[in-house]
Amino acid sequence: MSIYNNTKTAVITIAIMVVAMNILLWLGVFDSTKNYNSAEVENQLRVEADAGNSESQNKLGTLLFKRAKKDNGDYSDAIYWFNQANKQEHPFAQMNLALAYRKGQGVAIDKEKAIELFYASGINFLRTNVPDSAKDSVYNINRINSIHPLKRKLIDAIKQYESTQ
């Protein structure tokens, strides 16, 4: 009887998801026929990034980073855009830079710099009300140095944040 109920629940859940996706397609939330031109996307991101938009700077950095990784190429453009967004305290750009420093992708391996950036990203995730990503920063610091004082400092900041919510 239990297997029957589990199977029935799974089938109903899948059916609901299919109906929901079709409704979203019908409403135009997803345009399955649109072919995104990556050059157009990159050009638009460059315009917005050049104008100082930190979100576009991080997205452009991510696009260029993935391209460099795929092509075993030069990460310097990606690092440049992550740094631009970092100057504006963009937490995802700080995390992306930290990962680059941890792995030595586009920059020399610098574990201390990576920890500092993970800490900064964690604080900025809290500032932007994204505490789960701040916890990811703690995890990443822990992977480098489980007893680093910035790990404890970030944990304390998360506890303080959670106590006010």
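Quick caveat, the model's predicted, so the values are computed rather than measured. (Residues numbered from 1 in each chain as written. Predicted model: local features only at pLDDT ≥ 70, side-chain atom pairs only at ≥ 80, totals over all residues. Heavy atoms only, no water.)

This part takes up the side chain of Ser54. The topology assignment puts Ser54 in helix α3 (residues 54–71). The residues contacting Ser54, other than those within four sequence positions of it, are Ala85, Gln88 and His90. (Helix = DSSP H or I, 4+ residues; strand = E, 2+ residues; numbered from the N terminus. Contact = heavy atoms within 4.5 Å.)

This part covers the side chain of Ser133. The residue Ser133 is located in helix α7 (residues 131–144) in this model. A relative accessible area of 13% places Ser133 in the buried class. The contacts of Ser133, once residues within four sequence positions are left out, are Phe92, Met95 and Phe125. (Buried < 20%, exposed > 50% of the residue type's maximum accessible area, 1.4 Å probe, protein only.)

With respect to the helices and strands, the residue Gln105 is situated in the loop between α5 (91–103) and α6 (111–127). For Gln105 and Lys69, which are 36 residues apart along the polypeptide, the C-alpha to C-alpha distance reads 8.7 Å. If near-sequence neighbours (up to four positions away) are discounted, Gln105 is found in contact with Phe65, Lys69, Tyr75, Ile79 and Ala100.

When two helices pack together, their arrangement is given by the angle between their axes and by how far apart the axes lie. Two elements in contact, helix α4 (residues 76–87) and α5, have axes whose closest approach is 8 Å; the angle formed by their N-to-C orientations is 135 degrees. Accordingly, the angle class assigned to the pair α4 and α5 is oblique. In this structure, α4 meets α5 at a crossing whose hand is left-handed. Where α4 approaches α5, its residues Ile79, Phe82, Asn83, Ala85 and Asn86 are matched on the opposing element by Ala93, Gln94, Asn96, Leu97 and Ala100. Taken together, the residues that form the contact of α4 with α5 break down as 6 nonpolar, 4 polar and no charged. (Axes fitted to C-alpha atoms, helices over the stretch in contact; angles between N-to-C directions. Parallel < 35°, antiparallel > 145°, perpendicular 65-115°, else oblique. Left-handed = near helix turned anticlockwise from the far one by under 90°. Nonpolar A, V, L, I, M, F, W, Y, C, P; charged D, E, K, R; others polar.)

Attention now moves to the confidence of the model for the chain. Looking at the chain, the pLDDT average stands at 89 and 88% of residues meet or exceed 70. Ranking the elements of the chain by mean pLDDT puts helix α1 (residues 2–27) last with 72 and α6 first with 98. (pLDDT = per-residue confidence, 0-100.)

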